[in-house]
Amino acid sequence: MNIWGDDRVSKRLGTRDKQVLYLNAKKRCENCGKKIDFIDMEVGCKNQAYSLGGRTTLANSLCLCHGCKKRQGTDSWATFQKKQGKQDSKTTIKKSLQSLSITQLKNLAQKHKVTVEGSLVYDFFETRRKAPTKSQYINKLASVVTEKEISSV
Ligand SMILES: [Zn+2]
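Residues numbered from 1 in each chain as written. Predicted model: local features only at pLDDT ≥ 70, side-chain atom pairs only at ≥ 80, totals over all residues. Heavy atoms only, no water.

Another point: the confidence of the model for the protein. Residue-level pLDDT values for the protein average 86, and 89% of them are 70 or greater. Helix α5 (residues 102-111) holds the highest mean pLDDT among the elements of the protein, 96, whereas helix α4 (residues 86-98) holds the lowest, 82. Confidence drops under a pLDDT of 50 for residues 1-10, and excluding neighbours within four residues, the segment shows ten contacts in the predicted structure. (pLDDT = per-residue confidence, 0-100. Helix = DSSP H or I, 4+ residues; strand = E, 2+ residues; numbered from the N terminus. Contact = heavy atoms within 4.5 Å.)

Here it is in structure tokens:
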């Protein structure tokens, strides 16, 4: 909210916000990962497109390349990801990993040389690391393993 009580400050992000967005995205399109120049950056919407009443704030913005912005259209980020089949495959992999035992997950992690660290516990006398939980393994493994590999465990 600004002093005029208007949430929708301006139709577009200001240059400074755009720069922050660009740097936060590590100068890459947040959809396809392509490296883009600042002048070629397009601002996409995370939740709702401005034309559908969405707010133009930094939190609602994405750094996109021209092609991805065009493909996203007025879709929300989640819908856009779903349409590309992105979220789905990762969700399926996570589901399959869920059915494995912690020992099987550990073996998979070792095979892929993925280090999964448990959270730190601050005791009165010492700081120790807890054994990683199942979901910590799953989150790390979801991006490296394939569906086929899981079924052959
Ligand atoms: Zn892109």
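With that settled, the discussion passes to the coordination of the zinc ion. Around the zinc ion, the protein contributes the donor atoms Cys29 (SG), Cys32 (SG), Cys65 (SG) and Cys68 (SG), at 2.3 to 2.4 Å from the metal centre. Here the zinc ion is ringed by four donor atoms whose angles at the metal span 103 to 116°, and the overall shape comes out tetrahedral. Mapping the donors of the zinc ion onto the primary sequence yields the spacing C-x2-C-x32-C-x2-C. Here Cys68 lies in helix α2 (residues 66-72) and Cys29 lies in the loop between α1 (15-24) and β1 (42-45), a separation of 39 residues in the sequence. The class for Cys68 is buried, based on a relative accessible area of 0%. (Donors = N, O, S within 2.8 Å, 3.2 Å for Na, K, Ca; no water. Tetrahedral: all angles 85-135°; square planar, octahedral: opposite > 155°, others 65-115°. Buried < 20%, exposed > 50% of the residue type's maximum accessible area, 1.4 Å probe, protein only.)

Applying the stated criterion across every chain yields a total of five salt bridges. In this structure, Glu117 engages Arg129 in a salt bridge whose closest nitrogen and oxygen atoms are separated by 3.8 Å. Placement of Glu117 in the loop between α5 and β3 (120-122) and of Arg129 in strand β4 (residues 127-129) is noted, with a sequence separation of twelve residues between them. Judged by relative accessible area, which is 49%, Glu117 ranks as partly exposed. Given a relative accessible area of 43%, Arg129 falls into the partly exposed group. One salt bridge connects Glu126 with Arg128, and the closest N-O pair in it is separated by 3.6 Å. For Arg128, a relative accessible area of 37% translates into the label partly exposed. Residues joined in a network through salt bridges with shared partners are Asp123, Glu126 and Arg128. (Salt bridge = Lys/Arg side-chain N within 4 Å of Asp/Glu carboxyl O.)

The subject of this paragraph is the packing of aromatic side chains. Using the criterion set out here, one finds three aromatic pairs in the structure. Note on Phe124 and Phe125: the rings are 5.2 Å apart at their centroids and 85° apart in plane angle, and the pair reads as edge-to-face. Residue Phe124 shares its accessibility class with Phe125, and that shared class is exposed. (Phe/Tyr/Trp six-rings, centres within 6.5 Å; stacked < 30°, edge-to-face > 60°.)

Let's shift gears to the pairing of strand β2 (residues 61-64). Of the two faces of β2, both are covered, the one formed by Ser61 and Cys63 as well as the one formed by Leu62 and Leu64. In terms of strand pairing, β1 meets β2 through four bridges, oriented antiparallel. Looking at the pairing, Val43 lines up with Cys63 of β2. (Pairing = 2+ DSSP bridges.)

Let us look at the environment of Cys68. The spacing of Cys68 and Glu42 is 26 residues in sequence and 8.8 Å in space, taken between C-alpha atoms. When near neighbours in sequence (up to four residues on either side) are disregarded, Cys68 contacts Cys29, Asn31, Cys32 and Phe80.

Relative to the helices and strands, Ser61 resides in strand β2. Once residues within four sequence positions are removed from consideration, Ser61 is found in contact with Leu13, Leu21, Val43, Gly44 and Lys46. A distance of 2.6 Å separates a polar side-chain atom of Ser61 from the backbone oxygen of Thr57. (Polar contact = N/O pair within 3.5 Å; in protein donor to acceptor, adjacent residues only side chain to side chain.)

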